[in-house]
Amino acid sequence: MTKQAVVVPVPPEAAVPAPQLFPYPPPRAAGVRRKCLQMSGGGGGGAGAPARVGGWVESMRASSPTHARAAAALADDDDRRAAWMVQHPSALGKFEQVVAASKGKQIVVFLDYDGTLSPIVDDPDAAYMSDTMRRAVRSVAKHFPTAIVSGRCRDKVFEFVKLAELYYAGSHGMDIKGPAKAYRHTKAAKAKGVLFQPASQFLPMIEQVHESLVEKTKDIPGAKVENNKFCVSVHFRCVDEKSWSALADMVKSVLKDYPKLKLTQGRMVFEVRPTIKWDKGKALEFLLESLGFADCADVLPVYIGDDRTDEDAFKVLRKRGNGVGILVSKHPKDTSASYSLQEPAEVMEFLLRLVEWERLSKARPKW
């Protein structure tokens with residue numbers, strides 16, 4: 001039986017039927033199945049290709065939180081959300097329970113960027129975090145080892161966050177770099193200046209795909225192709241829905257010549273990534289090892305994220321049986337996280353409470 005990172009007791013009177021869960025993100029209709037798009041070299045042709053493209057388009061609709069039918073599906077979800085909140089209660093409402101799990105342990109904080117520290121916006125180049133959020137993250141990093149784990153290019157994430165004292169894992173964890181100065185909380189000397197890039201051999205291939213996708217999609221208004229160094233993102237948030245099928249077909253036509261790359265989907269974005277077995281969960285494990293906390297019982301990883309790619313990290317925490325996974329979402333979703341927060345504003349409140357709790361803990365006399 002899978003071990004849950006933090007157990008939330010539910011009194012009998014609070015028991016409710018299991019909620020109908022939304023895939024990532026909320027679907028256009030309640031019956032839409034969760035899809036994770038993956039493609040190998042042989043996936044481009046054959047009789048099944050049109051059906052696959054149709055499945056992609058349906059999944060693209062599912063990833064649009066503002067889609068009209070998604071709004072209709074969410075209109076009557078009060079009972080569903082109440083049931084889901086029993087299973088994934090607010091990390092703010094259960095804050096004392098969260099920090100109680102850290103007794104005698106070193107907290108290590110992992111944060112996604114888009115949708116967690118900054119709001120989701122139409123232009124990915126304008127996903128700025130607020131100054132107040134930056135101050136909150138800086139305060140957290142003064143007390144706990146802190147890492148940003150994002151699908152973005154590491155350099156781009158750093159440009160947004162601008163905090164040199166953090167660890168950064170870009171390209172879904174395929175580009176990891178630590179601060180020049182090691183944390184005083186770490187157990188390992190190699191935590192200082194750590195640099196890890198497990199997909200370096202794919203760089204020429206990724207660059208070729210980026211150039212091809214830029215050329216292929218240039219006539220689709222609103223499409224934006226982003227080179228995230230070890231992965232390529234094709235954003236369709238600003239693309240008219242009538243062009244989604246054409247866009248999906250274009251991406252597929254480029255990828256058919258690259259069997260060592262796979263296609264996944266996030267929030268209104270296609271992600272082209274190497275097929276290596278590496279993700280945000282692997283990045284979390286690597287960083288814990290670099291910090292000297294591999295297989296340690298005296299550490300409590302706290303991971304906060306909003307996307308389906310963060311589920312790999314949540315699953316690692318559940319497998320460890322030691323950690324706190326927090327999903328950022330206003331709607332019920334199928335998740336391995338133990339807790340939830342609704343939006344970046346609540347993430348900031350949680351981080352500030354964590355800092356204040358740590359300060360008060362240090363100020364208390366030890367008998």
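Residues numbered from 1 in each chain as written. Predicted model: local features only at pLDDT ≥ 70, side-chain atom pairs only at ≥ 80, totals over all residues. Heavy atoms only, no water.

- For the chain, an unreviewed UniProt entry supplies the name Trehalose 6-phosphate phosphatase and the organism Urochloa decumbens.
- What UniProt states about the chain under its Pathway (unreviewed entry) heading is, verbatim, "Glycan biosynthesis; trehalose biosynthesis."
- The UniProt entry for the chain carries this comment under Catalytic activity (unreviewed entry): "alpha,alpha-trehalose 6-phosphate + H2O = alpha,alpha-trehalose + phosphate". (UniProt positions renumbered as here; feature names shortened; annotations may be inferred.)

### Observations regarding the overall build of the chain
Working step 1: When helices and strands are counted, the chain shows 11 helices and 12 strands.
Working step 2: Out of the 367 residues belonging to the chain, those deemed buried represent 56%.
Working step 3: Of all intrachain contacts in the chain linking residues separated by at least 6 positions in sequence, the fraction that spans at least 24 positions is 68%.
Working step 4: For the chain, the accessible area works out to roughly 16100 Å², and carbon and sulfur atoms hold 53% of it. (Helix = DSSP H or I, 4+ residues; strand = E, 2+ residues; numbered from the N terminus. Buried < 20%, exposed > 50% of the residue type's maximum accessible area, 1.4 Å probe, protein only. Contact = heavy atoms within 4.5 Å. Areas by Shrake-Rupley, 256 points an atom, 1.4 Å probe, with all protein chains shown as cover.)

### As for the pattern of salt bridges
Working step 1: Summed over the entire model, instances satisfying the criterion amount to 17 salt bridges.
Working step 2: Between Asp112 and Lys280 there is a salt bridge, with its nearest N and O atoms 3.3 Å apart. Of this pair, Asp112 sits in the loop between strand 1 (106-111) and helix 5 (131-143) while Lys280 is found in helix 9 (residues 280-290), placing the two residues 168 residues apart along the sequence.
Working step 3: Each of Asp114, Asp125, Arg152, Lys156, Lys224 and Glu226 takes part in one network of salt bridges that share partners. (Salt bridge = Lys/Arg side-chain N within 4 Å of Asp/Glu carboxyl O.)

### Observations concerning the environment of Met205
Working step 1: Note that Met205 resides in helix 7 (residues 203-217).
Working step 2: Separated by 53 residues in sequence, Met205 and Tyr258 have C-alpha atoms that sit 8.1 Å apart.

### Regarding the nonpolar core
Side chains that are nonpolar tend, in soluble globular proteins, to be buried together.
Working step 1: Counting residues in each nonpolar core, the largest one holds 53 residues, and the members touching the most others are Phe110, Val209, Leu213, Leu261, Val272, Leu284 and Tyr303.
Working step 2: With six residues, helix 8 (residues 244-255) is the single largest residue contributor to this core.
Working step 3: Of all hydrophobic cores here, the second largest spans 40 residues; its members include Leu92, Leu163, Leu300 and Met348. (Core = buried A, V, L, I, M, F, W, Y, C linked by side-chain atoms within 4.5 Å.)

### A few points about the pairing of strand 6 (residues 224-227)
Working step 1: In terms of strand pairing, strand 6 meets strand 7 (residues 232-235) through four bridges, oriented antiparallel. Opposite Asn227, over in strand 7, you have Val232 as the bridge partner.
Working step 2: Two successive antiparallel strands, strand 6 and strand 7, enclose a turn made up of four residues, where Lys229 displays a positive phi of approximately 70 degrees. (Pairing = 2+ DSSP bridges.)

### A word on the sheet that holds strand 10 (residues 299-305)
Working step 1: The strand order across the open sheet built from eight strands is 5-4-3-2-1-10-11-12, with neighbouring strands paired in mixed fashion. Looking at the sheet topology across the chains shown, the edges are occupied by strand 5 (195-196) and strand 12 (339-341).
Working step 2: Sheet topology note: the strand 1/strand 2 (residues 146-149) ladder contains three bridges and is parallel. Pairing of Leu111 across the sheet is with Ile148, part of strand 2.
Working step 3: The sheet contacts of helix 6 (residues 154-161) involve strand 2, strand 3 (167-170), strand 4 (175-177) and strand 5, and relative to strand 3 the element is tilted by about 135 degrees. (Axes fitted to C-alpha atoms, helices over the stretch in contact; angles between N-to-C directions.)

### A word on the pairing of strand 7
Working step 1: Where burial is concerned, the two faces of strand 7 agree: the one with Val232 and Val234 and the one with Ser233 and His235 are both buried.
Working step 2: Taken together, the four bridges between strand 7 and strand 9 (residues 269-274) define a ladder with antiparallel strand orientation. Bridge pairing links His235 to Val269 in strand 9.

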